[in-house]
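Structural overview for review
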Amino acid sequence: MGFPMGRRGPGAVPPSRLRFRDLGNEALAGLLQRPGRSALTLLGVMLGIGSFVAIVGIAQTASGQIGKQFNVLQATQAYVFDVGAAQSSHPAVDFPPNADALAERIHGVVAAGVYWPVLFKQAAVSGFAGGFLASQHAIPVTAASPGLLAAAGVKLRTGTLFSQFHETRAQNVAVIGSSAAASLGVTSLQGQPAIFIDGQPFTVIGIVASSQRLPQLDVGVTVPASTALRLWGAPTQVQAQMLIHTRIGAAKIVAEQAPVAIRPDNPALLKGAAAPSVAQLQRGVSTSLNSLFLTLAGIALIVGAVGIANTTLVAVLERAGEIGLRRALGARPRHIGVQFLTESTALGLFGGLIGASLGVLTILGVTLYRHWTALLDPRIVVAAPLAGATVGLLAGLYPALRASLMEPADALRR
Amino acid sequence: MTGSGPAPDREARDAGRPPGEPVIRLTSAAFTYRGPPPVAALKPTSLVIYSGEHVAITGPSGSGKSTLLNLLGLLDKPTQGSIEIDGIDVGAAPERERAAVRAHRIGFVFQSFHLLPYRTSIENVMLAQVYADGPRRRRYAAAMSALAQVGLDHRAHAMPTALSGGERQRVAIARALVNRPSLLMCDEPTGNLDSATTLELIGLLETLHREGTTLLVITHNPVVAGRAQRQIAIRDGELTEFSQDTMLPPTGAPAPPAGSGVPTPPPPPPEGRPPAGRARGDEDTHGFPDG
């Protein structure tokens, strides 16, 4: 039995210490002493972090979903603007007559066409040769190349679209929107109904059911561009432009190449552009409703923090004897404080981890149900447990301070 | 330090030292609870405890016993005077240094054991090693050796709830010994034990003393106190010593009888009796000038 006393001289006593690993073990042991209570304490932080992650994730997924729909149009749509005519003092159309065919030769182009609104000083469209009914509304007139009808995605209710045949002969034919057909009294194409634009008769050859990219074709009257040029000349106030339907993702490159392909002699007259960005639209989505839910998640998090603070404080008071013992065994006040701080931080961290996992599962559930694509910033998944740990750390500050300030002699007596 | 106590390496280390150096030296130390009204729990006291001694402190409740224990155990600071442990002045030292001395030089045994209920015997012993300097990998062996010293190595993995009161106190003693302190300080070590277990524990303490442990026992129990070489009574914050001076020459060098069973107990003075040998004057009589 050799276990002698350390009879030592007045040499320096090594400082008492608490290794990182020991700290972790002691804190974990402290939490596992009362697993049920620790689990219940986790709950608050878990709910707060979990709902936070779920709300942010669902908001991101939803706005990503909206963005996705816009992106299909955005990625397949390009414009070419007639900047030459805008700068010129004479009215002109800088697109050549075969612009549609030239544009369609660009790789990635599905359909392309030139259009411009034809402006009249007064309402010009009428169902009668003699003039206008008093109640008649002004119906917009659009001049369009045949390719435009394809590029705009026009679907007909009845009849046919005008084609290159009508365009090259500059014939007086018109395709009218369904609401224009109603107000002009055109119900059937049997008998080749006629309408009058600025006094000129036009044969209605088709009625539009829908126009995906240019909704104005659905409500107005569309005539061949060459006919409009022949009758009313080049547009004056508004310039012609080309709408190009491209394959997905090609819009930007097509927009760059189109001016050169259409006007190789003077590309500077034209300016290509992809469809305007809809990023602002996406940003606008997560607004008032989300902020309400985020407030609720914040409240849950605060309740969780109070729960941790309360549990840790109770643990400090309950374990006064243990604190006194540890002090007697050489623990410094900071060793006691940091142990309780570690316990509360670990509670917050575990709560955050479980909460983040549940939040991600919630997002997955919602997106599966809605057939959406789940979107979540991975930074949030990393930040959520850290936020939980921070909540635990803050909640543990006061109890840890109380523990570290406990007088060992008093603590041992309890 | 003779007999069966020291391990060879320790013996070699201690060989050049004079035996019986002071472990604790109180010099005019006093403790007054700041009021209102202020209470002088311990009047100015001087006391020296030498290495290898077995000292008992007795006194009724409210006599200042706990105050003295808290001062000697560095759980409280004296409001005046000084306290040295192993020659280190710790009375006014910062908490950092006092904690270091508690970790390495003092072993505590409490009346209520203070074992952590969710940890096995050996885990409770190893708790004392958390705050002390020393490699982690040697902890288990040292804790097992301390348990063996109190005869409980076979219950190393038992939970405290599965141990008897006497066994629990032996685990607590092993915990107090595991860092090889200069002093084993026992506060009512038998207060929660029945008389048979108390006798067992006295036997263990005496064995430890024979092996070289410096023992300071604070107790109500006259049987426990009677086994000590020096007995100090405390009453109203004043110390009175009943000692067998023949066993403890002023220069120290107590040679506890080694391997010869229980040392002859001094006549146990019942508490509250007039002091038999009240030592007044300088501390080099290792008495207590209450100046």
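Only a predicted model underlies this, so the values are computations on that prediction, with no experimental measurement involved.

1. Digging into the overall build of chain A
In terms of helices and strands, chain A carries 16 helices and eleven strands. Sorting the 414 residues of chain A into buried and exposed places 46% on the buried side. When contacts within chain A are restricted to residue pairs at least 6 apart in sequence, those whose partners lie at least 24 apart make up 84%.

2. Focus on the pairing of strand β8 (residues 200–211) of chain A
If a strand is regular, its side chains alternate between the two faces of the sheet. Residue and element names in this part refer to chain A. Relative to β8, strand β5 (residues 154–159) runs antiparallel, the two being bridged by five bridges. Within the sheet, the bridge partner assigned to G159 lies in β8 and is G206. Looking at chain direction, strand β6 (residues 173–177) and β8 are connected through five bridges and run parallel. Across the sheet, residue V175 finds its bridge partner in β8, namely G206. For strand β7 (residues 194–197) and β8, the ladder comprises four bridges, and the chain directions are antiparallel. When the bridges of β8 are listed, I197 appears paired with Q200. In sequence, β7 turns back onto β8 through a hairpin of two residues, with D198 there showing a positive phi of about 50 degrees.

3. Notes on the pairing of strand β2 (residues 39–50) of chain B
Residue and element names in this part refer to chain B. With nine of its twelve residues buried, β2 lies for the most part within the structure. When strand β1 (residues 22–33) meets β2, the two strands line up antiparallel, connected through eight bridges. In the sheet register, F31 faces β2, and the bridge partner there is L42. The hairpin turn running from β1 into β2, its antiparallel successor, is five residues long.

4. Some words on the packing of helix α14 (residues 333–370) of chain A against helix α15 (residues 378–405) of chain A
Residue and element names in this part refer to chain A. Viewed as axis vectors pointing N to C, α14 and α15 meet at an angle of 155 degrees, and their least axial separation amounts to 6 Å. The pairing of α14 with α15 is recorded here as roughly antiparallel in orientation. Of the two elements, α14 crosses α15, and the hand of that crossing is right-handed. Across the contact of α14 with α15, the residue classes break down as 23 nonpolar, twelve polar and two charged.

5. Structural notes on unusual backbone geometry
Unlike most non-glycine residues, H371 of chain A shows phi in positive territory, near 55 degrees. Along the chain, the position of H371 of chain A falls in the loop between α14 and α15. Taking the C-beta count within 10 Å as the criterion, H371 of chain A has 7 such neighbours and is therefore assigned exposed. Even without being a glycine, H114 of chain B presents a positive backbone phi close to 55 degrees. In this structure, H114 of chain B sits in the loop between β6 (106–109) and α4 (121–130). A count of 21 C-beta atoms within 10 Å places H114 of chain B in the buried class.

6. Considering the confidence of the model for chain B
Residue and element names in this part refer to chain B. Chain-level pLDDT for chain B is 79 on average; 77% of the residues reach the 70-or-more range. Within the model, pLDDT remains below 50 along residues 1–18, and this stretch shows 27 contacts once partners closer than five positions in the same chain are excluded. Residue range residues 245–291 is modelled with pLDDT below 50. Its contacts to residues more than four positions away, or to other chains, number 89 contacts. Reported confidence for the predicted complex is 0.78 by ipTM and 0.64 by pTM.

Each value, and the rule that gives it
In this convention, every chain numbers its residues from 1, walking through the sequence in written order. Working convention: letters from A go to chains and numbers from 1 go to ligands, in the order in which they are written. With pLDDT at 70 or above as the cut-off, local features in this predicted model cover only qualifying residues; side-chain atom pairs require 80 or more to be listed or tallied, and sums for whole chains, interfaces and linings still use all residues. Put simply, DSSP H or I for four residues or longer makes a helix, DSSP E for two residues or longer makes a strand, and each gets a number counted from the N terminus. Counting other C-beta atoms within 10 Å of each residue's C-beta, where C-beta atoms are placed from the backbone, gives the exposure class: buried for 20 or more, exposed for 12 or fewer, partly exposed between. Placing a C-beta atom from the backbone of each residue, one calls two residues in contact when those atoms lie within 7 Å. A pair of strands is labelled paired if DSSP reports no fewer than 2 bridges between them. An axis is simply a line fitted to the C-alpha atoms; with a helix, the fit covers only the stretch in contact. Between two such axes, the angle follows the N-to-C directions and lies from 0 to 180 degrees. Oblique is the label for every angle not falling under 35 degrees (roughly parallel), over 145 degrees (roughly antiparallel), or within 65 to 115 degrees (roughly perpendicular). Handedness of each helix crossing follows the sense of rotation of the near helix against the far helix: counterclockwise by less than a right angle gives left-handed, clockwise gives right-handed. Here the term charged refers only to Asp, Glu, Lys and Arg, the term nonpolar to Ala, Val, Leu, Ile, Met, Phe, Trp, Tyr, Cys and Pro, and the term polar to all other amino acids, Gly among them. As a per-residue measure, pLDDT reflects the predictor's confidence and takes values from 0 up to 100.

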